[in-house]
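# Examination of the molecular architecture
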Amino acid sequence: MARVYNFSAGPAVLPEEVLKKAADEMLDYKGCGMSVMELSHRGKEFKQIFEETETALRQIMAIPQNYKVLFLQGGASLQFAMVPLNLKGKNKKADYVHTGQWTKKAIKEAKKYIDVNVIASSEANNFTSIPKLDANTFSKDADYFYIATNNTIYGTAYQQIPDTGDIPLVADMSSNILSELIDVSKFGIIFAGAQKNIGPAGLTIVIIRDDLAKGVADDVAVLLDYKTHVDAGSMYNTPPCYSIYMAGLVFDWIKQKGGLKAIQKHNQEKAQLLYDYLDTSAMFSSPVEKDSRSLMNIPFVTGNDDLDAKFIKQASEIGLKTLKGHRTVGGMRASIYNAMPVEGVKSLVAFMKEFEKENS
Ligand SMILES: *Cc1c(COP(=O)(O)O)cnc(C)c1O
C-alpha cells in the first residue's frame, strides 16, 4: 500500500525512515529477543534508550544544564493544571495571553487555582493574529507569564518571544517544538504533547528550569508535582516507554537532517510555497495576518462551504489526506510538521491550482 500525504494536525505524520526503523526493530530490539514495548522500564536496554533520548533532545535544542527534561503522560492538557499547581507562589496570580482554544482551556484550568490576568487577547478578530504585547501591562507580581507559541487551530505563531524579565515564561509548544531554533533560557517551562512534532501520543515533554520544581501543596496528587518527576528521573511510575523510544528515533532523524537550523530552513521553504500561492490565488486565501503566520499549521478558505467540501473530498481521493479545517474555523488546514516532505506541499499546491482552474 502506498503512503499518503497526511496533513493531520495531530496525531500527525512521522518520518518514514523512523517508522521503518521501528518496524525493523519491532519483534527483536537489538538482539534482546523482545519488542521495546515488552522491555522493563528499569532494565538496562530501556535505560539506555531513555538516556540517549534525553541526550539527543538536549543536544538538538541546546538545553542548558540548569533545566530538567521530563518525560510524562497526561498530554499537554494536564500541564494546564500542573503549571499553576506548581508555580503558584504567595501572589497566586499569573498573566496569560489568550490566542485560541488551547489558551482558553489553559486559562479555565488555571482559574481553579489562581487569579488569571488575561493581559492580551485576539478573540475579537477570531484569533487570526497574535496580539501586540506591551510590557507595561505585564503584572510585576505574577507567579508566571503564559503563552502558546503556536496556535494549532488558527495557524498563528509568535514571531518574537516576549521578554518577561524575572517572571518565568511558560510556553505551550505542542505544535511547534523542534520546528525552529529557540533559546530555551528565555523560558521557565516549555511543554509539548508529543503527537504533533515529536512522536506518538502518550508522551508529554516538559523542559523546566530546575528552581521551578519546588514542590506542591500537601493535598496535591504526587503525580502532579514536577518535583516527583525531577527527583525520580521521570521514573516515579512507568513512563510511556514506547513513545519515548519513538521520540528518540525522531530526534536521531532530526540530527541526521542537520539539526534544528536545517529543519527550520526546510520548514520555512515549505510554508512559503503554500503562503505564496494563497496570497496570489483568486479562490483560496489565508485568514491569518501576515505577521502572525505559523510555519506548522496553515488554515485556508474559499469562502464557500460547498466548494471547501468538494476540495477536501477530491484532495483525499488523490492521497492528500486530513485537510479539513478545525470544526470551529471551517475551511481547510494543512499541518506541515517537520516530517511532511516538501513533495507533499508541492503536491498540495499543484492540486489547489488545478482545482482553482477547474472551478472558476
Ligand atoms: C494538541 C494541543 C494541545 C492538547 O494536547 P493533548 O496532548 O491532547 O492534551 C494543547 N496545546 C496545543 C497548542 C496543542 O496543539
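Residues numbered from 1 in each chain as written. Predicted model: local features only at pLDDT ≥ 70, side-chain atom pairs only at ≥ 80, totals over all residues. Heavy atoms only, no water.

## Section: the site of the ligand
Neighbouring residues of the ligand: Gly75, Ala76, Ser77, Phe80, Trp102, Asn150, Thr152, Asp172, Ser174, Ser175, Gln195 and Lys196. Here an oxygen atom of the ligand and a backbone polar atom of Ala76 are 3.0 Å apart. A distance of 2.7 Å separates an oxygen atom of the ligand from a polar side-chain atom of Lys196. Protein contacts shield 88% of the accessible area of the ligand, which totals 390 Å² for the unbound molecule. Sort the elements by how many residues they give to the shell around the ligand and helix α3 (residues 75-87) lands first, with four residues. Along the lines of polarity and charge, the residues of the shell around the ligand split into three nonpolar, seven polar and two charged. (Near = heavy atom within 4 Å. Polar contact = N/O pair within 3.5 Å; in protein donor to acceptor, adjacent residues only side chain to side chain. Areas by Shrake-Rupley, 256 points an atom, 1.4 Å probe, with all protein chains shown as cover. Helix = DSSP H or I, 4+ residues; strand = E, 2+ residues; numbered from the N terminus. Nonpolar A, V, L, I, M, F, W, Y, C, P; charged D, E, K, R; others polar.)

## Observations concerning a positive patch on the surface
A cluster of basic side chains, namely Lys104, Lys105, Lys108 and Arg327, defines a positive patch on the protein surface. With respect to the helices and strands, the residue Arg327 is situated in the loop between β12 (320-321) and β13 (332-335). (Patch = residues over 30% accessible without salt bridge, like charges linked within 9 Å, V, L, I, M, F, W, Y side chains within 5 Å. Salt bridge = Lys/Arg side-chain N within 4 Å of Asp/Glu carboxyl O. Lys, Arg positive; Asp, Glu negative; His and termini not counted. Charge placed at Lys NZ, Arg CZ, Asp CG, Glu CD.)

## So, the packing of helix α2 (residues 44-61) against helix α6 (residues 241-256)
When two helices pack together, their arrangement is given by the angle between the helix axes and the distance between those axes. In contact at an axis separation of 9 Å, α2 and α6 are set at 40° when each is read in the N-to-C sense. As the angle between them shows, α2 and α6 are arranged oblique. Pair α2 / α6 crosses with left-handed handedness. Touching Phe46, Ile49, Phe50, Thr53, Ala56, Leu57, Gln59 and Ile60 of α2 are Cys241, Ile244, Tyr245, Ala247, Gly248, Phe251, Asp252, Ile254 and Lys255, all from α6. Of the residues assigned to the contact of α2 with α6, the class counts are twelve nonpolar, three polar and two charged. (Axes fitted to C-alpha atoms, helices over the stretch in contact; angles between N-to-C directions. Parallel < 35°, antiparallel > 145°, perpendicular 65-115°, else oblique. Left-handed = near helix turned anticlockwise from the far one by under 90°. Contact = heavy atoms within 4.5 Å.)

## A look at the packing of aromatic side chains
The full count for this structure, using the stated rule, is 18 aromatic pairs. Ring centres of Phe284 and Phe311 lie 5.2 Å apart, and the angle between their planes is 65°; this geometry places the pair in the edge-to-face category. Here Phe284, found in the loop between α7 (259-280) and β11 (297-300), pairs with Phe311, found in helix α8 (residues 305-317); they are 27 residues apart in sequence, far enough to count as distant. Residue classification places Phe311 among the buried residues on the basis of a relative accessible area of 0%. Ring pairing ties together the aromatic residues Tyr277, Phe284, Phe300, Phe311, Phe351 and Phe355, which thus form one cluster. (Phe/Tyr/Trp six-rings, centres within 6.5 Å; stacked < 30°, edge-to-face > 60°. Buried < 20%, exposed > 50% of the residue type's maximum accessible area, 1.4 Å probe, protein only.)

## Overview of the side chain of Asn197
Structurally, the position occupied by Asn197 is in the loop between β9 (189-193) and β10 (204-209). Only 2.9 Å separates the side chain of Asn197 from the backbone oxygen of Ile177, close enough to count as a polar contact. A polar contact of 3.1 Å, which involves the side chain of Asn197, links it to the backbone nitrogen of Asn338.

## A look at the domain arrangement of the chain
Partitioning the chain into structural domains gives domain 1 (17-256) and domain 2 (259-359). The C-alpha centroid of domain 2 is placed 27 Å from the C-alpha centroid of domain 1. Between domain 1 and domain 2, the residue contacts involve 27 residues of the former and 24 residues of the latter. Between domain 1 and domain 2, roughly 2,200 Å² of surface is buried when both sides are summed, and carbon and sulfur atoms account for 53% of that area. Residues Asp291 and Lys132 are paired through a salt bridge, measuring 3.2 Å at the closest nitrogen-oxygen approach. The interface formed by domain 1 and domain 2 includes 14 residue pairs in polar contact (both at pLDDT 80 or more). Sort the elements by how many residues they give to the side of domain 1 that touches domain 2 and α6 lands first, with three residues. (Domains from an automatic or database assignment. Buried area = accessible area lost by both parts, 1.4 Å probe.)

## Regarding the environment of Met283
On the secondary structure map, Met283 appears in the loop between α7 and β11. According to the relative accessible area criterion, Met283 is buried, its value standing at 11%. Distance in space between the C-alpha atoms of Met283 and Phe355 is 9.3 Å, their sequence separation being 72 residues. Aside from chain neighbours lying at most four places away, what touches Met283 is Val301, Thr302, Leu307, Phe355, Glu356, Asn359 and Ser360.

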